Amino acid sequence: MAAFEEDRRLGDLATRLRQDDPRFARALEAGTPCRPREYRHGVAWLLVAVALGGFVLGVVVGHGLLIAGGLVLAGAAAHLFDPDRGRVRQGIARTSE
């Protein structure tokens, strides 16, 4: 009975993984794992680079609007680094495990 219970739990876990991050689940099944969604930050790093460029340009030129725009864009990029942003967007509370 214990083996059946473990198989059921593993099946539930696999189902939740497929629902949460289908790309990662497909890659695991194929044997070529990719990074889970929580660790993919390509767009966030691009926004940080653009924000830094705008901020530095604003400081060099002496234009306050560019400085402010760079700072605002940096704040938006920082928000993209949150690994639970999908759950927060769906209204699911964080749990400490």
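Since the structure is predicted, the reported quantities are computational estimates derived from the model, not experimental observations.

Draft legend 1. Structural context of the overall build of the protein chain. Broken down by element type, the protein chain carries 5 helices and 0 strands. Along its sequence from the N terminus, the protein chain presents helices and strands in the succession α-α-α-α-α. Relative to its full complement of 97 residues, the protein chain shows a buried share of 12%. Summarising the internal contacts of the protein chain: among those between residues at least 6 apart in sequence, 26% fall at separations of at least 24. Summed over all atoms, the accessible surface of the protein chain reaches about 7600 Å², with 64% contributed by carbon and sulfur.

Draft legend 2. Region of the structure containing a nonpolar patch on the surface. Taken together, Leu52, Val56, Leu57, Val60, Val61 and Leu66 make up a surface patch of nonpolar side chains, about 550 Å² in accessible area. Here Val60 shows up in helix H3 (residues 42-61).

Draft legend 3. Structural detail: the pattern of salt bridges. Summed over the entire model, instances satisfying the criterion amount to 3 salt bridges. The salt bridge partner of Arg8 is Glu5, with a shortest N-O separation of 2.6 Å. On the criterion of helical spacing, the pair formed by Arg8 and Glu5 is a turn pair, its members being 3 residues apart in helix H1 (residues 2-20). Glu5 sits in the partly exposed class, given a relative accessible area of 28%. For the salt bridge of Glu5 with Arg9, the shortest nitrogen-to-oxygen distance reads 3.5 Å. Separated by 4 residues within a single helix, Glu5 and Arg9 lie in helix H1, roughly one turn from each other. Looking at Arg9, the relative accessible area reads 55%, which means it is exposed. Linked through salt bridges whose partners overlap, the residues forming this network are Glu5, Arg8, Arg9 and Asp12.

Draft legend 4. Local environment of the environment of Val72. As for its position among the elements, Val72 is in helix H4 (residues 64-80). The exposure class of Val72 is exposed, given its relative accessible area of 60%.

Draft legend 5. Seen up close, the packing of H3 against H4. Here H3 crosses H4 at 165°, and the two axes come no closer than 7 Å. When the axes of H3 and H4 are compared, the pair comes out roughly antiparallel. In this structure, H3 meets H4 at a crossing whose hand is left-handed. Together, Val43, Ala44, Leu47, Val48, Val50, Ala51, Gly54, Phe55, Leu57, Gly58 and Val59 of H3 and Leu66, Ile67, Gly70, Leu71, Leu73, Ala74, Ala77 and Leu80 of H4 make up the contact between the two elements. Tallied by class, the residues present in the contact of H3 with H4 amount to 16 nonpolar, 3 polar and no charged.

Cut-offs and rules
Residues numbered from 1 in each chain as written. Predicted model: local features only at pLDDT ≥ 70, side-chain atom pairs only at ≥ 80, totals over all residues. Heavy atoms only, no water. Helix = DSSP H or I, 4+ residues; strand = E, 2+ residues; numbered from the N terminus. Buried < 20%, exposed > 50% of the residue type's maximum accessible area, 1.4 Å probe, protein only. Contact = heavy atoms within 4.5 Å. Areas by Shrake-Rupley, 256 points an atom, 1.4 Å probe, with all protein chains shown as cover. Patch = residues over 30% accessible without salt bridge, like charges linked within 9 Å, V, L, I, M, F, W, Y side chains within 5 Å. Salt bridge = Lys/Arg side-chain N within 4 Å of Asp/Glu carboxyl O. Axes fitted to C-alpha atoms, helices over the stretch in contact; angles between N-to-C directions. Parallel < 35°, antiparallel > 145°, perpendicular 65-115°, else oblique. Left-handed = near helix turned anticlockwise from the far one by under 90°. Nonpolar A, V, L, I, M, F, W, Y, C, P; charged D, E, K, R; others polar.

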